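Chains, contacts and geometry: an overview
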Amino acid sequence: QVQLVESGGGLVQAGGSLRLSCLASGGTFSSYGMGWFRQAPGKEREFVAAINWSGGSTYYKDSVKGRFTISRDNAKNTVYLQMNSLKPEDTAVYYCAADNSPPRVGTRVYEYDYWGQGTQVTVSS
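Keep in mind that what you see is a predicted model, and the values were worked out from it rather than measured. Within each chain, residues carry numbers counting from 1 in the order of the written sequence. Predicted model: local features are reported for residues with pLDDT of at least 70 only, side-chain atom pairs are reported and counted for 80 or more only, and whole-chain, interface and lining totals are derived from all residues. The basis for every side-chain value is the complete set of non-hydrogen atoms in the structure, without hydrogens or water.

1. Considering the pattern of salt bridges
The condition that has to hold: A carboxyl oxygen of Asp or Glu within 4 Å of a side-chain nitrogen of Lys or Arg is what we treat as a salt bridge. Runs of E in the DSSP output that reach at least two residues are strands. Runs of H or I that reach at least four are helices, and both are numbered from the N terminus. We call a residue buried when its accessible area falls under 20% of the maximum for its residue type, exposed when it is over 50%, and partly exposed in between, using a 1.4 Å probe and counting protein chains only.
Enumeration according to the criterion identifies 6 salt bridges in this entry. Among the salt bridges present, the one from D90 reaches R38, with a minimum N-O distance of 3.0 Å. You can see D90 sitting in the loop between β8 (78-83) and β9 (92-99) and its partner R38 sitting in strand β4 (residues 33-39), a full 52 residues away along the chain. Residue classification places D90 among the buried residues on the basis of a relative accessible area of 1%. Among the charged side chains, a salt-bridge network with shared partners connects R38, E46, K61, R67 and D90.

2. Considering the environment of S85
Tracing the chain through its elements places S85 in the loop between β8 and β9. Judged by relative accessible area, S85 falls into the partly exposed class, the value being 41%. For the pair S85 and V64, spaced 21 residues apart in sequence, the C-alpha to C-alpha distance is 9.5 Å.

3. Observations regarding the sheet that holds β8
Adjacent strands of a sheet form backbone hydrogen bonds with each other and so pair up, either parallel or antiparallel. Just so we agree on the cut-off: Two strands are said to pair when DSSP picks up at least two bridges between them. Lines fitted to C-alpha atoms define the axes, with helix axes restricted to the stretch in contact, and inter-axis angles between N-to-C directions lie between 0 and 180 degrees.
Spatially, β1-β3-β8-β7 is the arrangement adopted by the 4 strands of the open sheet, whose pairing is antiparallel. Where the open sheet ends on each side, the last strands, each with one partner, are β1 (3-7) and β7 (68-73). Strand-to-strand, the axes of this sheet are offset by a mean angle of 15 degrees, without reference to chain direction. With 6 bridges connecting them, strand β3 (residues 18-25) and β8 associate as antiparallel partners. Bridge pairing in β8 places S21 opposite Y80.

4. A closer look at the nonpolar core
Here is the rule: What makes a nonpolar core is a set of buried Ala, Val, Leu, Ile, Met, Phe, Trp, Tyr and Cys residues whose side-chain atoms join them at distances within 4.5 Å.
Counting 28 residues, the largest nonpolar core has L4, M34, W36, L81, M83 and Y94 as the members making the most contacts within it. Grouped together as the second largest cluster of nonpolar side chains are 6 residues, F37, A50, A97 and V105 included.

5. Overview of the layout of surface pockets
For the record, the criterion: With a 1 Å grid laid over protein atoms only, a set of points is called a cavity when a 1.4 Å probe fits there but cannot get out and a pocket when it is open yet has protein on both sides within 12 Å along at least five of seven lines; lining residues have an atom within 4 Å of a point. Grid points are joined across faces, edges and corners, and a volume is the space filled by probe spheres set on the points. Residues were grouped as follows: Ala, Val, Leu, Ile, Met, Phe, Trp, Tyr, Cys and Pro as nonpolar; Asp, Glu, Lys and Arg as charged; and all remaining residues, including Gly, as polar.
Each pocket or cavity is described by its volume, and for the largest pocket that value is around 200 Å³. Around the largest pocket sit 14 residues that line it, and R38, K43, E46, K61 and E89 are the ones nearest its centre. Looking at side-chain class alone, the lining of the largest pocket contains 2 nonpolar, 3 polar and 9 charged residues.

What follows is the structure in structure tokens.
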């Protein structure tokens, strides 16, 4: 069973930066596609970014392109989300997820098999 633990969330002013980390254990991390999703109060969970098993392919929600960067370190079983130029509308609980169906890189919630508990990101205006 894969376990995912996110960290790095917090409160930041608009225009600021945060780096989220997600540490995986209990599985073969280097074989999973990894994704970041977010869920704001009263809204559905939505795709933010995804990366394939090798890190060679990445995908982003249009509204975060050029501001967010997903990366991974397979030696450390960790995936990252660097978030720059944050906006109040980025406020949400951010979740990392693992997709155990390589080489697919999913952008939909149902394509992911394992989820972390989430970390809160709050951007003040």
